[in-house]
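# What the coordinates show
Here is how the chains run, residue by residue.
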Amino acid sequence: MSFDEIINRRGTYSTQWDYIEDRFGEGTKDLTPFSISDTDFKSPQPILDAILQRTGHGIFGYSRWNHDDYKNSIQKWYQTRYKTTIEKDWIVYSPSVIYSISTLLERLIGLGGKVMTHTPRYDGFTKILKPFNLYEVELKEDEDGVYRTDFFKIEDGFKDGVKIFLLCNPENPTGKIWSYFELEKLIGLCEKYDVILLSDDIHMDIARKEVTPILKINSKRCVIVSSASKTFNTPALGGSYALIPMQEIRDIFIEHIKERDSVASPTIFGVISTITAYNSCGEWVDELNKYLTKSCEYVVNELDGYKGLKVKIPEATYLMWIDFKDTNIKLEDLKRALIEVGKVAVMSGENYGDSYKLRLNIGCPLEKVKIGVEGIKRSVEKLCK
Ligand SMILES: Cc1ncc(COP(=O)(O)O)c(C=O)c1O
């Protein structure tokens, strides 16, 4: 398959293409969207074939995920791509990553409990963190353009009774990949203060340097929640998984899914797509990474330095984090210009905690990326006149 292929997604109940007005207001439905993080790429052929084959069977009764085909595929993916050993027992199916985080927080620390995470952060985190007592640590860019956390502030929070640290590895929206050294240090603090490290690794496969899953370093205090859905563009098929080495926590989670929320039967297409993706689509991911890196380079060439814009190739993800602080343009003006002049729906950084940034989703054919870049340029130019 060619990642250049343009496929019309309008009229498919696509959140990104068919519901633009929900995010960008009335009269915006004809904009070209670069918004929520799914991609405009077809899933790899083996996944399409597997789904077609299963559809042909014609019966979609209740199903199960707790079998070797599902668990072996996840185990194999972590072993081959991340040199990380996952015990089969640790694997638990979950309807979605956000469901896993929300459930684990509620069950492990209770509503109102103390949880720490970074800012800027994925807006989905902000929504589910509302019922909790939130401790924030700012990710700051150093002079080399690397995002750094503040370990002193983390330790202060842990001393104050924080019970869970919610990490995103790699980070959405900054694209930061946590280094082995940083993770070791964070895990050390978690051990010292009896804190659980909960890492959302959903963006792990789209990366431009090595990603270390926390379970490679420690399996006593760490939980990973992830999914094949970001990489293979299958979120509407449903399903994700949690990797929980601590049996006590795993039992609580499984009991909650089965007994309280009654969502134990997985979506069969979620299970089949995960198995196929992890068993057969590694090369497709390598090609996707190459394509996306080229698109990142294009965006940087066009926009970095353009009338004061700053942008660099993110370490991971297909999300470009564009800084407009030095343009002296006000956020509200830029938002309006992007819609009226640029005709593009680009996420404003305020959704993630930084009002001087834009988040441009480049998970699409380069032809579309060019429309986004031109739209941003026209909008900025108009405001700089
Ligand atoms: C960091 C992160 N976690 C979770 C999700 C959503 O995952 P799910 O749909 O499985 O809840 C997203 C989607 O954008 C994301 O960026």
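Presented here is an overview of the structure given in this document. (Residues numbered from 1 in each chain as written. Predicted model: local features only at pLDDT ≥ 70, side-chain atom pairs only at ≥ 80, totals over all residues.)

Sheet strands pair via backbone hydrogen bonds, and the direction of the pair is either parallel or antiparallel. Read from one edge to the other, the open sheet built from 4 strands follows the order β1-β12-β13-β11, with strand pairing classed as mixed. Since the sheet does not close on itself, it has two edges, and those belong to β1 (32–34) and β11 (319–323), each with one partner. When strand polarity is set aside, the average angle formed by the axes of neighbouring strands in this sheet is 35°. The sheet contact formed by β1 and strand β12 (residues 344–348) spans 3 bridges and is parallel. Directly across from T32, in β12, lies its bridge partner V344. (Pairing = 2+ DSSP bridges. Helix = DSSP H or I, 4+ residues; strand = E, 2+ residues; numbered from the N terminus. Axes fitted to C-alpha atoms, helices over the stretch in contact; angles between N-to-C directions.)

A few words on the environment of L105. Looking at the element boundaries, L105 is found in helix α5 (residues 97–109). We classify L105 as buried; it has 22 C-beta atoms within 10 Å. Along the primary structure L105 and I254 are separated by 149 residues, whereas in three dimensions their C-alpha atoms are 14 Å apart. Excluding anything up to four places from it in sequence, L105 contacts V115, F132 and I164. (Buried ≥ 20, exposed ≤ 12 C-beta atoms within 10 Å, placed from the backbone. Contact = placed C-beta atoms within 7 Å.)

Turning our attention to the nonpolar core. Across soluble globular proteins, you tend to see nonpolar side chains buried next to one another. By size, the foremost hydrophobic cluster in this structure holds 104 residues, and its most contacted members are F165, L197, L198, V223 and L243. Considering every element that reaches this core, the biggest residue donor is helix α11 (residues 268–280), with 7 residues. Looking at which domains feed residues into this core, each of domain 1 (15–43 + 283–384) and domain 2 (61–280) gives three or more. In this structure L243 touches I86, W90, I91, L215, V223 and I224, once residues within four positions along its chain are discounted. (Core = buried A, V, L, I, M, F, W, Y, C linked by C-beta atoms within 7 Å. Domains from an automatic or database assignment.)

As a further point, take the pairing of strand β10 (residues 240–243). Of the two faces of β10, the one lined by S240 and A242 and the one lined by Y241 and L243 are each fully buried. The sheet contact formed by strand β2 (residues 91–94) and β10 spans 4 bridges and is antiparallel. Each bridged residue has a counterpart across the sheet, and for V92 the counterpart in β10 is A242. Looking at chain direction, strand β9 (residues 222–226) and β10 are connected through 3 bridges and run antiparallel. Residue pairing across strands places S226 opposite Y241, the latter belonging to β10.

Right, let's talk about unusual backbone geometry for a bit. Backbone torsion omega between N169 and P170 reads 0°, so that peptide bond is classified as cis. Relative to the elements of secondary structure, P170 occurs in the loop between β7 (164–168) and α8 (180–193). Note the cis peptide between N172 and P173, where omega equals 15°. Located in the positive-phi region is T317, a residue other than glycine, with phi close to 75°. Among the secondary structure elements, T317 is positioned in the loop between α12 (282–303) and β11. In this structure, K343 is a non-glycine residue whose phi angle is positive, near 60°. For K343, the position within the fold is in the loop between α13 (331–342) and β12. Overall, K343 belongs to the partly exposed group, with 16 C-beta atoms counted inside 10 Å.

The analysis is restricted to geometry; functional conclusions fall outside its scope.
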